[in-house]
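# An overview of the molecular structure
If you want the building blocks of each chain, they are given just below.
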Amino acid sequence: MSTKSQRIDPRVLRTRQLIRDAFIELLQELELEKITVNRIAERATINRVTFYLHYRDISDMIEQLADEMINEIHAILKEAPDPPEFNIEVLIKMLEHIEENSKFYKVLLASKRIPVFTERLMKLIADFMSSRINKLEESSTLKVQKDIAIWYGSSAIIGTIVFWLRNDLPYKPIYLAAQLSELLHIPEPESR
């Protein structure tokens, strides 16, 4: 946790969580275009002014939620060994995070498919996978065009996560990670 996030007043964090939860609940019931600040405030049991203390508008809230999601997953990916490598342990941690926050991810990735969330997650995973693809390219074991390999791998991971969420997480993260690593030839971490 960064020093900045340690200094945030717990009441601010609680209010933002109430707003986030209210937004997610409303998204389960309504189309995004029908959600208003009034509805969010009412559901979160806060007033409109409180909402505006935290966000300029609904678009700003969505942008900030997307940033938070990416920062959380990026923090997990940063735990990978240096140079960064997409291995099964990293994949398990990422899937466990998604499982713990499944209500959030189900709505934003699997059912409503709000583009900002999907696009940012796709970019993050593609950037992370590119280091692995670079390694394969250097060792001459990459038999397809580099950019196509990155598109394929990141799309496969995102697509699998989306279907996993849509089917109410029928597999444990460790099992799903093992299956994905077999399909995508993601290595076990090297023992140190």
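On a predicted model such as this, the values are computed, not experimentally measured, just so you know.

Reading the values: rules and limits
Residues numbered from 1 in each chain as written. Predicted model: local features only at pLDDT ≥ 70, side-chain atom pairs only at ≥ 80, totals over all residues. Heavy atoms only, no water. Core = buried A, V, L, I, M, F, W, Y, C linked by side-chain atoms within 4.5 Å. Buried < 20%, exposed > 50% of the residue type's maximum accessible area, 1.4 Å probe, protein only. Helix = DSSP H or I, 4+ residues; strand = E, 2+ residues; numbered from the N terminus. Domains from an automatic or database assignment. Contact = heavy atoms within 4.5 Å. Expected span 1.5 Å × (residues − 1). Bend = angle between axes of the 7 residues up to and from the residue. UniProt positions renumbered as here; feature names shortened; annotations may be inferred. Patch = residues over 30% accessible without salt bridge, like charges linked within 9 Å, V, L, I, M, F, W, Y side chains within 5 Å. Areas by Shrake-Rupley, 256 points an atom, 1.4 Å probe, with all protein chains shown as cover. Salt bridge = Lys/Arg side-chain N within 4 Å of Asp/Glu carboxyl O. Buried area = accessible area lost by both parts, 1.4 Å probe. Nonpolar A, V, L, I, M, F, W, Y, C, P; charged D, E, K, R; others polar. Phe/Tyr/Trp six-rings, centres within 6.5 Å; stacked < 30°, edge-to-face > 60°. Lys NZ or Arg CZ within 6 Å of the ring centre and 35° of its normal.

Okay, the nonpolar core next. Soluble globular proteins: nonpolar side chains tend toward being buried together. In this structure, Phe 23, Ile 40, Met 61 and Phe 117 are the most contacted members of the largest nonpolar core, which totals 58 residues. With 10 residues, helix 5 (residues 58-78) is the single largest residue contributor to this core. Each of domain 1 (8-55) and domain 2 (59-184) contributes no fewer than three residues to this core. Apart from the residues within four sequence positions on either side, Ile 40 is in contact with Ile 19, Ala 22, Phe 23, Leu 26, Ile 35, Phe 51, Ile 58 and Met 61.

As a further point, take helix 8 (residues 115-138). If you check helix 8, its first and last C-alpha atoms are 34 Å apart, about what 24 residues at 1.5 Å a residue would give, namely 34 Å. Bending of helix 8 peaks at approximately 25 degrees at the position of Ser 130. Here helix 8 has its buried residues at Val 116, Phe 117, Thr 118, Leu 121, Leu 124, Ile 125, Ala 126, Phe 128, Met 129, Arg 132 and Ile 133. In this fold, the buried residues of helix 8 make contact with helix 5, helix 6 (88-100), helix 7 (102-111), helix 9 (146-166) and helix 10 (173-184).

In the numbering adopted here, UniProt assigns the feature "DNA-binding region" (unreviewed entry) to residues 36-55. Taken end to end, residues 36-55 is 75% helix and 0% strand, and its two terminal C-alpha atoms sit 13 Å from one another.

In this section: a nonpolar patch on the surface. Residues Tyr 171, Ile 174 and Tyr 175 make up a contiguous nonpolar surface patch of roughly 340 Å² in combined accessible area. Following the sequence through the fold, Tyr 171 ends up in the loop between helix 9 and helix 10.

On to the domain arrangement of the chain. With domains assigned, the chain is organised as domain 1 (8-55) and domain 2 (59-184). Computed from C-alpha coordinates alone, the two centres of domain 1 and domain 2 are separated by 27 Å. Contacts between domain 1 and domain 2 engage 14 residues on the former and 14 residues on the latter. Roughly 1,300 Å² is buried in total at the junction of domain 1 and domain 2, and carbon and sulfur atoms are behind 69% of that figure. The largest contributions to the domain 1 side of the interface with domain 2 come from Arg 20, Ile 24 and Tyr 55, which together make up 49% of the buried area. Counting the contacts that link domain 1 with domain 2 gives zero salt bridges. Mapped onto the side of domain 1 that touches domain 2, the elements with two or more residues apiece are helix 2 (10-29) and helix 4 (48-54). Element by element, the count of residues in the side of domain 1 that touches domain 2 is highest for helix 2, at seven residues. Residues that form the side of domain 1 that touches domain 2 fall into these classes: nine nonpolar, two polar and three charged.

In this structure the tally under the stated criterion is five aromatic pairs. Taken together, a centroid distance of 5.2 Å and an interplanar angle of 85 degrees make the contact between Phe 104 and Tyr 105 edge-to-face. For the pair Phe 104 and Tyr 105, a shared accessibility class is recorded, and that class is buried. With a centroid separation of 5.3 Å and an interplanar angle of 35 degrees, the aromatic rings of Tyr 171 and Tyr 175 are classed as tilted. By relative accessible area, Tyr 175 is classed as partly exposed at 44%. Aromatic ring contacts, followed pair by pair, group Phe 51, Tyr 52 and Tyr 55 into a single cluster. For Arg 166, the ring lying beneath its charged end belongs to Phe 163, and the centroid distance is 5.6 Å.

Two side chains of opposite charge can pair, provided their charged atoms sit close to one another. Summed over all chains, the structure comprises eight salt bridges. One salt bridge connects Asp 67 with Arg 120, and the closest N-O pair in it is separated by 2.4 Å. Highlighted residues: Asp 67 in helix 5 and Arg 120 in helix 8, separated in sequence by 53 residues. On the basis of relative accessibility, which here comes to 24%, the residue Arg 120 falls in the partly exposed class. One salt bridge in this structure joins Asp 168 and Lys 106, with 2.7 Å as the shortest N-O distance. Here the residue Asp 168 occupies a position in the loop between helix 9 and helix 10, and Lys 106 occupies one in helix 7, the gap between them amounting to 62 residues. Using a relative accessible area of 54% as the deciding quantity, one classes Asp 168 as exposed. Via salt bridges that share partners, Glu 25, Glu 29 and Arg 43 belong to a single interconnected network.

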